[in-house]
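The lines below spell out each chain.
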Amino acid sequence: MTPFTLAPPLLLALAVALDLLLGDPPRLPHPVRAIGAAYAGCDRLADRLGLRGRALGAACVIGVTAASAGVVLLLTRLPAAGWVFGLYFAWTGLALGQLLREGRRAARFLEKNDIEAARAVVAGLVSRDTSVLDADGLWRALAESVAENANDAFVAPLFWLALGGPAGLWAYKAVSTADSMWGYRTPRYARLGNFAARADDVLAWLPARLTVAAMWLAARLCGFGKDVAFAAVRRDAKKSASPNAGWPMAAAAWLCGAGMGGEAVYFGVRVRKPSMGPVAQRWNAARYARLGCLVLLAGLIVAMTIIVLTGLALQS
């Protein structure tokens, strides 16, 4: 396996299998924590320097991304353990299994009307303030997170893993982590996080649309959403401030038959997210179960397609 080239199909298949079966590796260090710590350090440095402009934000993202890819590159080139490190970094870069597992746990608490327990789980999946959310708000926040992260946590990382090997995946993850930490239009991050948000928009543009195509096919295979017009998905997706996040959210909302959007609080700032899907319909256990099946099957469709295409490309 040579980093920054097409990943072997076996590596892709094993990484997907480990992700879906085990989720995050138990009792092992996760690379994203180191990346998050690096950005937290950059954030503190920006405060000390009194500089929170776009130039410093871009320099931080480029530096952390280069360092992340470089470390993975070196470890995957080790003579004896390189393939093991490659599989480890491929596995830990995917998060669909953990996302669905945590989503099911939150849904079980909500079904039991255990709001506090559900709130604690959902808080680990979203950036918004969950302390102000009632049961309806928690269901909606959970559904929005699972739909959006179908791309952010699985399809986009898998796409860059296939194209660039583990080092390519972690270059993408470094940018994505910066966007998740700094990509907010708040006074604190409006300028420092601008580069991170724009870079993530570029890298996730095609994967987001692949995610929607897979969702559309998955819904047809499962026998629901047949009366949904793609024009409605496209119209709602374009309402989002993000060129990517709105697509899987709008598709999931319409295909599963419940609305997304509305008021949310991020870092003390109240925002109104655009409405998507049939807004009169609320999320519940049945609709969320449909979403879970939709996201899982869509992920498998994307994974099988990428594995087959990568294998064909390597043989040519």
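Before reading further, recall that the structure is shown in the block above.
Residues numbered from 1 in each chain as written. Predicted model: local features only at pLDDT ≥ 70, side-chain atom pairs only at ≥ 80, totals over all residues. Heavy atoms only, no water.

Asker: Would you explain the nonpolar core in this entry?
Answerer: The nonpolar side chains of a soluble globular protein tend to be buried with one another. Grouped together as the largest cluster of nonpolar side chains are 87 residues, with contacts concentrated most on Leu158, Met215, Leu255, Met260 and Leu291. Residue contributions to this core peak at 20 residues, all from helix H7 (residues 135-182). Filtering out sequence-adjacent residues up to four positions away, Leu291 remains in contact with Ala143, Val146, Ala252, Cys256 and Trp283. (Core = buried A, V, L, I, M, F, W, Y, C linked by side-chain atoms within 4.5 Å. Buried < 20%, exposed > 50% of the residue type's maximum accessible area, 1.4 Å probe, protein only. Helix = DSSP H or I, 4+ residues; strand = E, 2+ residues; numbered from the N terminus. Contact = heavy atoms within 4.5 Å.)

Asker: In this structure, what is going on with the pattern of salt bridges? I would like to understand it.
Answerer: By the definition in use, this model includes 14 salt bridges. Residue Arg188 pairs with Asp47 through a salt bridge whose shortest N-O separation is 2.8 Å. Placement of Arg188 in the loop between H7 and helix H8 (194-222) and of Asp47 in helix H2 (residues 31-49) is noted, with a sequence separation of 141 residues between them. Linking Lys239 and Asp236 is a salt bridge whose minimum nitrogen-to-oxygen distance equals 3.1 Å. Classification of Asp236 as buried rests on a relative accessible area of 1%. Residues joined in a network through salt bridges with shared partners are Asp43, Asp47, Arg52 and Arg188. (Salt bridge = Lys/Arg side-chain N within 4 Å of Asp/Glu carboxyl O.)

Asker: How do you make sense of H7 when you look at a structure like this?
Answerer: In an α-helix, one turn spans 3.6 residues, which is why side chains three or four residues apart end up on the same side. If you check H7, its first and last C-alpha atoms are just 28 Å apart, much less than what 48 residues at 1.5 Å a residue would give, namely 70 Å. At Gly164, H7 is deflected by roughly 135 degrees, the largest bend along its length, and proline Pro166 occurs up to four residues later in sequence. (Expected span 1.5 Å × (residues − 1). Bend = angle between axes of the 7 residues up to and from the residue.)

Asker: Would you mind showing me how to read the side chain of Ser145 here?
Answerer: Inspection of the secondary structure assignment puts Ser145 in helix H7. For Ser145, a relative accessible area of 6% translates into the label buried. From its side chain, Ser145 meets the backbone oxygen of Leu125 in a polar contact 2.9 Å long. With near-sequence residues (within four places) excluded, Ser145 lies in contact with Leu125 and Val126. (Polar contact = N/O pair within 3.5 Å; in protein donor to acceptor, adjacent residues only side chain to side chain.)

Asker: Hey, could you run me through the layout of surface pockets in this one?
Answerer: Empty space among the atoms becomes visible once a probe the size of a water molecule is rolled across them. In this model, the second largest pocket occupies a volume close to 290 Å³. For the second largest pocket, the lining is made up of 14 residues, of which Leu210, Val302, Thr305, Ile306 and Leu309 are closest to its centre. If you list the elements that add at least two residues to the lining of the second largest pocket, you get H7, H8 and helix H11 (285-315). By residue number, the principal contributor to the lining of the second largest pocket is H11, which donates seven residues. Partitioned by chemical class, the residues of the lining of the second largest pocket number twelve nonpolar, two polar and no charged. (1 Å grid on protein atoms, 1.4 Å probe; cavity = no way out; pocket = protein on both sides within 12 Å on 5 of 7 lines; lining within 4 Å. Points joined across faces, edges and corners; volume = space filled by probe spheres on them. Nonpolar A, V, L, I, M, F, W, Y, C, P; charged D, E, K, R; others polar.)

Asker: It is not clear to me how helix H4 (residues 82-92) should be interpreted in this structure. Could you clarify?
Answerer: Of all eleven residues in H4, eight are buried, a share of seventy percent or more. Residues Gly82, Gly86, Leu87, Tyr88, Phe89, Ala90, Trp91 and Thr92 constitute the buried set of H4. Buried-residue contacts for H4 involve helix H1 (9-22), H2, helix H3 (54-76) and H7.

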